Every structure is written in C-alpha cells, then in structure tokens.
Amino acid sequence: MAIKPPRDPQDVGYTWPTVLAVAVHLLVVLFSLVSLPSSTAEPDSSSIVQATFVSTETFTDQAQQTTDQQAALNSSTDTDEAEPAPEPDTSEQEALQQQADEAAAREEAQARAEEQARELQEARAQAEAEAQRREEEAQRLAEQQEVEAQAREQAQREAEAEAQRQREAEAEAQRQREAEAEAQRQREAEAEAQRQREAEAEAQRQREAEAEAQRQREAEAEAQRQREAEAEAQRQREAEAEAQRQREAEAEAQRQREAEAEAQRQREAEAEAQRQREAEAAMQRQLEGEAQAAANAQQAQQAANGFINIVRRAVEQAWLIPAGASDAMSATIQVRLGPSGEVLLTTIASSSGDSAFDRSAMQAVEHAAPFSELRDLPAEQQRNLRQFNLRFTPGDVR
C-alpha cells in the first residue's frame, strides 16, 4: 500500500501567483483612470499608454505652432517698427491678444499634461516594477514549490521504496520466523520424543530397580526374622541369666544392707558417745572460760580501781581548794587522756555554780597529769580508762 505524504502548507500550486498578477494589473488600471479623468477607459493598459503618448505629441505640436506664430508676429512687429506702417485696428489687436491668451492657455495645459504624463509614467514604472517583483516572487515561489513538490515526490517515492523494502524485509523476517518456528517445533518434537524414550527407559529402570529392591527387602525381611528369632532366643537366655544375677545380687545386697545397718548402728553409737564427750568437754571449757573471765574481770576491775585511786590521790594532792568553798559545793569534771596518760581535754560535766571552784578542779587535774600508770595496764583496760569523770567536793575527790 502506497504511503500518502503529508500536505505541505506552501504547496499552493500556481493559483495564488496568478491571482496576485491579475490584482496588480487591476490596480494599475484603476490608478490610470484616477490620474487621467479626461481620458476614456480602454480595454487594457497598453491602450492607455498609447493614448497618452498621442495626446502628449498633439499638445507639443500645438505649442510649437503657437511659438511659431508668436515669432512671426514678433518679426512682423519689428518690421513695422523699422518701417512705418499703418496702425492695425482694434479688432486685429484683440484677435492677436486672444491668440496670445490661447497660446498661453495651451502652454499651461501642455505643462499640466506633461506633468500628468510624468506622474503617470512614474506610477506605471512603479506598478510595472511591483508587478515584475511580484511576478518574480511568484515565479520563485512557483519554482520553490515545484522543487519542494519534486522533493516530496522523491521523498514519497523513497518512502514507498523504503516501505516496500520494509514489507519485503518483514516478509523475509516472517518467513525466517516461520522457518525458525518450524525448526523449533521439530526440535521440540524430537526433544519430546527423546524425553519420552528416556522416560520410558527411566520407568523401565525404576521398575527393575523396584523389583530388585523388593527382592532385597524380602531377603532382608527373612534375614531380619532370623535375626529376631536368634535375638529372641538370646534375650531369653540373657533374661534367665539376668534373673539369676538379680537374685544373687539381691541376696548380696541384702547381706550388704544388713552389714551396713549394723555398721551404721555402730557408727551412730560411736558418734553419740563422741557427742557426749564433746559436750562434756565444751561444758568444762565453758566453766573454765567463765571462771577465767570472772577472774579477768575481777582483775581488770581491781586494776581500774587501782588506777582511779592513783589518779584521785594525785588530783587531791594537786587541788588547791578556794577560800570560801563550802562542803555543800560539788563539781564533776570529765577527763580525757592520751595513750601515755597525758591529759588531752577537761570539761565541766556538772558545775558547782561557782566558777572559781570549777576552775580550781580543772587545774588540779591538769597539774596532777600525766598519769603514766595507764601504760602499765592491758590494752583493753587502757581503752576503757582513757575517759572518766571526777567529782570534786571540799571533803573528798571521787
């Protein structure tokens, strides 16, 4: 099928150039009619040009005749002036004046005609140039369109040829595809036949293998039954032997349990005796510890009392009781000692109400220090005796 090429927008043929040329000629004719109202309309532009030239030539001849007549008059006038002649009458003068006026009018008309002729000639030249340009443009467009039409025809022919080649190529490709499809079908058919043969062979092998496997399973089942029978007999023999061993083991276990029970009773008796001995020993140690603790406590108390008595006596010797102190006055001083018995701090735990009395008690403690006897005591007692209170009364220090 031929491919129809798309229509070119410039492909207008020769219609429009012809219309444009006709329109240009009509414009020239109208312009000529407007410029020369006295002229008669002619069928075409060539008649107008010829009529204009004839009219111009006529006007020129009349002007030339008028000039010749004027020259003749002038020459006759000169002759008359040279030679005395009779004066012309009034009618002749008027006729001459009229002829001069007419000659002037003809000259003016001729000038106007020449001006109109020039304008018409210029307009005609412009119109002809415009027509020539338009005609050349139309010719160029026509030639261009012709070239484009030829190019389109060539392109269309080439497109049709290409389309034909494509159709032939498609047909060839279709034939090749069909040939390949046929070859593919043949290969598939052969492959399918080969698969069927292989499947049949595989099925035959499977049947033979299944038959062989069935024979093997039957043989194995028979052998299994024989092994099971032998195993059952072996199990029975082993069961009987195991039962005998269990009976013997149970008897031996019974004897062992009885022996272990006897041994356990002996161990328990020994353990009970050991516990009794240990309890008695612990009771003895506790009694001894309590006695030792009581002795240690008594000894510590005695040592503490001895150290306090030493401190009290030393403080009593160092105390200067203020004058005016009564037996009813009493002050308690808290004393803190260092590891070597030196006084670290004295504070009033209970005041007597008299600052001089309280101050004298504190000074007595400071003057009596250090109490080096503290270092002779055990470490535990030293820690307990490094802080104590002393109560001061005028009759005694406690």
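What comes next concerns the included structure.

Criteria and cut-off values
- Residues numbered from 1 in each chain as written.
- Predicted model: local features only at pLDDT ≥ 70, side-chain atom pairs only at ≥ 80, totals over all residues.
- Heavy atoms only, no water.
- Buried < 20%, exposed > 50% of the residue type's maximum accessible area, 1.4 Å probe, protein only.
- Helix = DSSP H or I, 4+ residues; strand = E, 2+ residues; numbered from the N terminus.
- Pairing = 2+ DSSP bridges.
- Core = buried A, V, L, I, M, F, W, Y, C linked by side-chain atoms within 4.5 Å.
- Salt bridge = Lys/Arg side-chain N within 4 Å of Asp/Glu carboxyl O.
- Phe/Tyr/Trp six-rings, centres within 6.5 Å; stacked < 30°, edge-to-face > 60°.
- Contact = heavy atoms within 4.5 Å.
- Expected span 1.5 Å × (residues − 1).
- Arc of directions from axis to C-beta.

**Let's talk about the pairing of strand β1 (residues 331-337)**
- Extensive coverage of β1 is indicated by the burial of five of its seven residues.
- Here six bridges tie β1 to strand β3 (residues 387-393), and the two strands are oriented antiparallel to one another. Of the residues in β3, the one forming a bridge with Q334 is N389.
- Linking β1 back to strand β2 (residues 343-350) in an antiparallel pair, the connection comprises five residues, with G341 at a positive phi of about 95°.

**Looking at the pairing of β2**
- Relative to β2, β1 runs antiparallel, the two sharing six bridges. Paired with R336 across the two strands is L345, which belongs to β2.

**Section: the nonpolar core**
- Counting 24 residues, the largest nonpolar core has F307, V315, F371, L390 and F392 as its most contacted members.
- At the level of secondary structure, the elements contributing two or more residues to this core comprise α3 (90-318), β1, α4 (355-368) and β3.

**Thoughts on the pattern of salt bridges**
- In the structure shown here, the tally under the stated rule is 22 salt bridges.
- One salt bridge in this structure joins E102 and R106, with 3.9 Å as the shortest N-O distance. On the criterion of helical spacing, the pair formed by E102 and R106 is a turn pair, its members being four residues apart in helix α3.
- Under the relative-accessibility criterion, E102 is labelled partly exposed at 38%.
- The class of R106 is partly exposed, set by a relative accessible area of 27%.

**Notes on the packing of aromatic side chains**
- Under the counting rule described, the total for this entry stands at two aromatic pairs.
- With a centroid separation of 5.6 Å and 80° between ring planes, the pair formed by W319 and F357 is classed as edge-to-face. Residue W319 is located in the loop between α3 and β1, and its partner F357 is located in helix α4; the two are separated by 38 residues in the primary sequence.
- Residue W319 is classed as buried on the basis of its relative accessible area of 9%.
- Grouped by ring-pair contacts, the aromatic residues W319, F357 and F392 constitute a single cluster.

**So, the environment of S340**
- Mapping S340 onto the fold places it in the loop between β1 and β2.
- S340 sits in the partly exposed class, given a relative accessible area of 35%.
- Sequence spacing of S340 and L374 is 34 residues, and the spatial spacing of their C-alpha atoms is 6.7 Å.
- Residues within four places of S340 in sequence aside, it is in contact with F371, S372 and R375.

**Let's talk about α4**
- Its 14 residues place the ends of α4 20 Å apart at the C-alpha level, agreeing with the 20 Å of an ideal helix rising 1.5 Å per residue.
- Buried residues of α4: F357, D358, S360, A361, A364, V365 and A368, and no others. Looking straight down α4, one finds that the buried residues subtend no more than 160° of arc, so they occupy a single side. When the buried face of α4 is taken as reference, the exposed residues oriented beyond 90 degrees from it are S355 and H367.

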